[in-house]
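Each chain, written out:
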Amino acid sequence: MNAPLLTIVVPCYNEEEVLPETMKQLCALLDELNTDNLISEKSKLLFVDDGSKDQTWSIIYKKGLEDTKIKGLKLARNVGHQNALLAGLFAAKRHSDCLVSIDADLQDDITVIREFMNSYSKGFDVVYGVRKERKTDTFFKKHTAQSFYKLMQFMGVNLVYNHADFRLMSRRAVEALEQFNESNLFLRGVVPLVGFQSTSVFYDRKERLAGETKYPLRKMLSFALDGVTSFSVTPIRFISLIGFLSFFVSLLFGGYFFYLKFSGQTQTGWTSLIASIWLIGGLQLIALGFIGEYIGKIYKESKRRPKFVVDIDTYNLGFPEEESFAPKEGEILIDYNPLSETN
Ligand code: UDP
Ligand code: MG
């Protein structure tokens, strides 16, 4: 059997500081795996530029001219890590037997990709990279991330604990993933839904090689809220439960108040009144907020907007006749724009 063609998909957003080193390490890894006949010599790295404002694309493009292993996909604008990753997976799946996704900052241990390949050769369609510990994460990141996993579990969402988006998927798993047409695609929740045989490989998470996190608190919170509301209706059920509870409590209190009134002990009652107004008002606003969140999701889904738009794709351009793609010395490649093609 031929060694499988592996494509490693790397979403990049303003990663100029770390990219050259990442490319070097990943290229070396591909060479090693190829030497050990674990992957085909046609295996590739696909860097997805998620609308970066710095030199990210020009680094990807230039390196691609020097090394045919390096391919690039430039998105028309920033669409976020999850969508950028999908764009890469979908672009590369046609020519790959299996695909690995990994962050550009190499916080995830690339040497375990070898174990991913071993599991793949044993017949697993999905291999999850799972962090053993979070020694290098800040106290804040560690605790917010862990509460997120716990919250999701509480909400009944099936997540692989401590697994981010470092995973291997076979081509048919990615094809199945493509059939999930939702606009709010939360990969960590959807991949387990795809099914197929899966396994996990454990590793230690490192610090970012260079640059800073592209996930500030604001993005993290919105990611968490998206994850919860696109996968679980528990919050809405919870709200209904609170609604029922307060209804019964108010019945009880109503009885009590009537008793007080008829036994002539009525009080001015301002405190309890104002307290309940605030309490109920608050609860109603929370409830409305949650319901609004779901309605917003329905609104977005109903528009069926594309999750990403590809600007330039050097991956598929290079595949049919690899050699003819290789530029001659001094030649400048014309930007390839799939959108402008009529077919
Ligand atoms: N990223 C992206 N688009 C974005 C934000 C981030 O493609 O809008 C990429 C980023 O370049 C990196 C990965 O997503 O490769 C994870 O981001 P980061 O390492 O900053 O997140 P953290 O590890 O701090 O959660
Ligand atoms: Mg990171």
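All values derive from a computational prediction rather than experimental measurement.

Enquirer: Now, about helix α6 (residues 171-178): what can you tell me, with residues and values included?
Expert: Of all the positions in α6, only Ala173, Val174, Ala176 and Leu177 are classed as buried. Looking straight down α6, one finds its buried side chains confined to an arc of 160 degrees; they lie on one side.

Enquirer: Residues and numbers for the coordination of the magnesium ion (ligand 2), please.
Expert: The protein atoms donating to the magnesium ion (ligand 2) are Asp105 (OD) and Gln107 (OE1), with metal-donor distances spanning 1.9 to 2.0 Å. Given a relative accessible area of 5%, aspartate 105 falls into the buried group. Take glutamine 107: its relative accessible area is 11%, and that puts it in the buried class.

Enquirer: Which residues make up the nonpolar core, and what values do they have?
Expert: Leu6, Ile8, Phe47, Ile113 and Phe116 are the most contacted members of the largest nonpolar core, which has 37 residues in total. Only β1 (6-12), α1 (19-35), β2 (44-49), α2 (56-66), β4 (98-101), α4 (113-121), β6 (163-170) and β7 (198-203) provide two or more residues apiece to this core. It is α1 that provides the largest number of residues to this core, a total of 7 residues. Apart from residues no more than four positions distant in its own chain, phenylalanine 47 is found in contact with Val10, Cys12, Leu19, Thr22, Met23, Leu26, Ile60, Ile70, Lys71, Gly72 and Leu73.

Enquirer: Run through the site of ligand 1, naming residues and quoting values.
Expert: What surrounds ligand 1 is a group of 19 residues, the closest being Glu15, Asp50, Asp105, Thr213 and Lys214. Here a nitrogen atom of ligand 1 sits 2.6 Å away from a polar atom, N or O, in the side chain of aspartate 50. Here glutamine 107 contributes a side-chain N or O atom positioned 2.8 Å from an oxygen atom of ligand 1. The residue inventory of the shell around ligand 1, partitioned by class, reads 5 nonpolar, 5 polar and 9 charged.

What counts and how
- Residues numbered from 1 in each chain as written.
- Chains lettered and ligands numbered in written order.
- Predicted model: local features only at pLDDT ≥ 70, side-chain atom pairs only at ≥ 80, totals over all residues.
- Heavy atoms only, no water.
- Buried < 20%, exposed > 50% of the residue type's maximum accessible area, 1.4 Å probe, protein only.
- Helix = DSSP H or I, 4+ residues; strand = E, 2+ residues; numbered from the N terminus.
- Arc of directions from axis to C-beta.
- Donors = N, O, S within 2.8 Å, 3.2 Å for Na, K, Ca; no water.
- Core = buried A, V, L, I, M, F, W, Y, C linked by side-chain atoms within 4.5 Å.
- Contact = heavy atoms within 4.5 Å.
- Near = heavy atom within 4 Å.
- Polar contact = N/O pair within 3.5 Å; in protein donor to acceptor, adjacent residues only side chain to side chain.
- Nonpolar A, V, L, I, M, F, W, Y, C, P; charged D, E, K, R; others polar.

Take it as geometry only, folks, not as evidence of what the structure does.
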